[in-house]
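Survey of secondary and tertiary structure
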Amino acid sequence: MKILRNNPNRIIVMTGATSGFGNITVQHLAEVANARVIVGARGENRTLPSGVEVIPVDLASLTSVREFVNAVIKAIGTNKIDILILNAGLHGSPAEDKSEDGYGLTFAVNHLSHYLISRLLLPYMSDNSRMVITSSNMHNPPFKVLAPKRLELDEWSHPTAGGNGTGVRSYIASKLCNLMTALYLSRLKEVKEQNVHIIAFNPGLTGSVVGRDASKLQKAIVKIITGTIFPILSLFKPEFKKNKAEHSGKMLADVALGNIVPPAGKIYVSLVRGIPTYPDPSELASNIELQGKLWEKSAEMVGLKR
């Protein structure tokens, strides 16, 4: 991978840049003049724009996440990060799938790893920088039977078969945690002092809506449903309107670059029928006391002080 060796004016760090709409995002970011783009990626032979730097990371390992953060800090030297995009994620996992540290895999990858990155890289953010965390409107799903009723951190972090921390429910829980983390971060004293703009981004329905544990038959059935029934449902519930990955990727880049800015007092940008909107998060996500509980418990899980 070719590495930029000039002295750019802007530094961008991103996870979730090697596939899906995130890959579209990094392509747009790589076109920005005077920008050094660093992505965290697992494995080799990733398709990325020329000039993008790759630092290995396995988001299912807190040790790997710390190594990634340390490598980023070393790479930027005395410079600061202007844009941090925390976008990687799984669509769900069964109870038996665990992270290296023993947590439910989706909870670990989607929430804990990004919580840790945000905490460790916050001191290295520049003044007037932006931190974008990808959440989802599924934090408050249109099918309320799937919606979390309370904060079930024990179940989400250590899921049991058939419980609320498995399959699509594990994805929903993790996206709720992403949004709650963003809301808590936005109120931190150091965030305000550093003038870091925290944004939670919902890309809308873009790709697969089944978990990684789904069979080929399940995936085929879901593909048919999303191509036939979802378009009809979207006439009544805009959450079912599918966005092209190219569009969601471009929108994420625009949010990160400051081309799309939430109104004062808002941090949640949600694509509805492809258009940026600024709805209030769910009642559960907006609960400040529960945000604090999530923050403290997450700190314990990753080995940080509150």
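Residues numbered from 1 in each chain as written. Predicted model: local features only at pLDDT ≥ 70, side-chain atom pairs only at ≥ 80, totals over all residues. Heavy atoms only, no water.

**With respect to the packing of aromatic side chains**
Summed over all chains, the structure comprises 2 aromatic pairs. Residues Tyr115 and Trp295 carry aromatic rings whose centres are separated by 5.0 Å and whose planes lie at 75° to one another, so their mutual orientation is edge-to-face. Separated by 180 residues along the polypeptide, Tyr115 in helix α3 (residues 105–121) and Trp295 in helix α9 (residues 288–302) bring together distant segments of the chain. Owing to a relative accessible area of 3%, Trp295 belongs among the buried residues under this scheme. Look at Tyr184 and Trp295: their rings are 4.5 Å apart centre to centre, the planes differ by 25°, and that puts the pair in the stacked class. (Phe/Tyr/Trp six-rings, centres within 6.5 Å; stacked < 30°, edge-to-face > 60°. Helix = DSSP H or I, 4+ residues; strand = E, 2+ residues; numbered from the N terminus. Buried < 20%, exposed > 50% of the residue type's maximum accessible area, 1.4 Å probe, protein only.)

**Looking at the sheet that holds strand β3 (residues 53–56)**
Strand order in the open sheet formed by 8 strands is β3-β2-β1-β4-β5-β6-β7-β8, with mixed pairing between adjacent strands. In this open sheet, the two strands that pair with only one neighbour each are β3 and β8 (275–277). Taking each pair of neighbouring strands and ignoring which way they run, the sheet shows an average axis angle of 20°. Sheet analysis places strand β2 (residues 35–41) next to β3, joined by 4 bridges and oriented parallel. Bridge pairing in β3 places Gly40 opposite Ile55. Along the sheet, helix α8 (residues 245–257) makes contact with β1 (10–15), β4 (81–86), β5 (125–134), β6 (197–202), β7 (268–272) and β8, crossing β5 at roughly 155°. (Pairing = 2+ DSSP bridges. Axes fitted to C-alpha atoms, helices over the stretch in contact; angles between N-to-C directions. Contact = heavy atoms within 4.5 Å.)

**Here we look at the packing of helix α5 (residues 167–186) against α9**
The geometry of α5 relative to α9 is characterised by a closest axis approach of 9 Å and an angle of 100° between their N-to-C directions. As summarised for this structure, α5 and α9 are arranged roughly perpendicular, according to the angle between their axes. Of α9, the residues touching α5 (which contributes Cys177, Met180, Thr181, Leu183, Tyr184 and Leu185) are Leu290, Gln291, Gly292, Leu294 and Trp295. Residue classes in the contact of α5 with α9 are distributed as 8 nonpolar, 3 polar and no charged. (Parallel < 35°, antiparallel > 145°, perpendicular 65-115°, else oblique. Nonpolar A, V, L, I, M, F, W, Y, C, P; charged D, E, K, R; others polar.)

**Observations regarding the pairing of β4**
In terms of burial, β4 is a largely internal element, 6 of the 6 residues being buried. Sheet topology note: the β1/β4 ladder contains 4 bridges and is parallel. What sits directly across from Ile12, in β4, is Ile83. In the classification by handedness, the crossover that spans β4, the intervening α3 and the parallel β5 is right-handed. (Right-handed = clockwise from strand over helix to strand, strands pointing away.)

**Here's the deal with the environment of Gly51**
One can find Gly51 in the loop between β2 and β3. Spatially, the C-alpha atom of Gly51 lies 10.0 Å from that of Ala35, the residues being 16 residues apart in sequence.

**Remarks on α8**
Its 13 residues place the ends of α8 18 Å apart at the C-alpha level, agreeing with the 18 Å of an ideal helix rising 1.5 Å per residue. Burial in α8 covers these residues: Ser248, Gly249, Met251, Leu252, Ala253, Asp254, Val255, Ala256 and Leu257. Just past α8, the residue Gly258 takes up positive phi, approximately 85°. (Expected span 1.5 Å × (residues − 1).)

**Some remarks on unusual backbone geometry**
Phi is positive for Asn128, close to 65°, though the residue is something other than glycine. Structurally, Asn128 is set in strand β5. For Asn128, a relative accessible area of 42% corresponds to the partly exposed category. Positive phi, normally seen in glycine, also occurs at Asn195, with a value near 60°. Mapped onto the fold, Asn195 is located in the loop between α6 (189–194) and β6. Exposure remark for Asn195: the relative accessible area of 31% places this residue in the partly exposed category.

**Details of the nonpolar core**
Note that soluble globular proteins tend to have their nonpolar side chains buried in a common cluster. Ranked by internal contacts, the top residues of the largest apolar core, which has 57 residues, are Ile81, Leu84 and Ile117. If we skip the residues at most four places from it in the chain, Ile81 touches Ile11, Val13, Val72, Ile76, Leu121, Tyr124, Met125, Ser126 and Ser129. Counting residues in each nonpolar core, the second largest holds 26 residues, with Val39, Ile85, Ile199 and Leu271 among its members. (Core = buried A, V, L, I, M, F, W, Y, C linked by side-chain atoms within 4.5 Å.)

**Topic: the pattern of salt bridges**
The tally for this structure, following the rule as stated, stands at 6 salt bridges. Between Lys250 and Asp254 there is a salt bridge, with its nearest N and O atoms 2.8 Å apart. Linking Lys250 with Asp254, this pair stays in helix α8, spanning 4 residues, or about one helical turn. In this structure Lys250 comes out as partly exposed when scored by relative accessible area, which is 30%. (Salt bridge = Lys/Arg side-chain N within 4 Å of Asp/Glu carboxyl O.)

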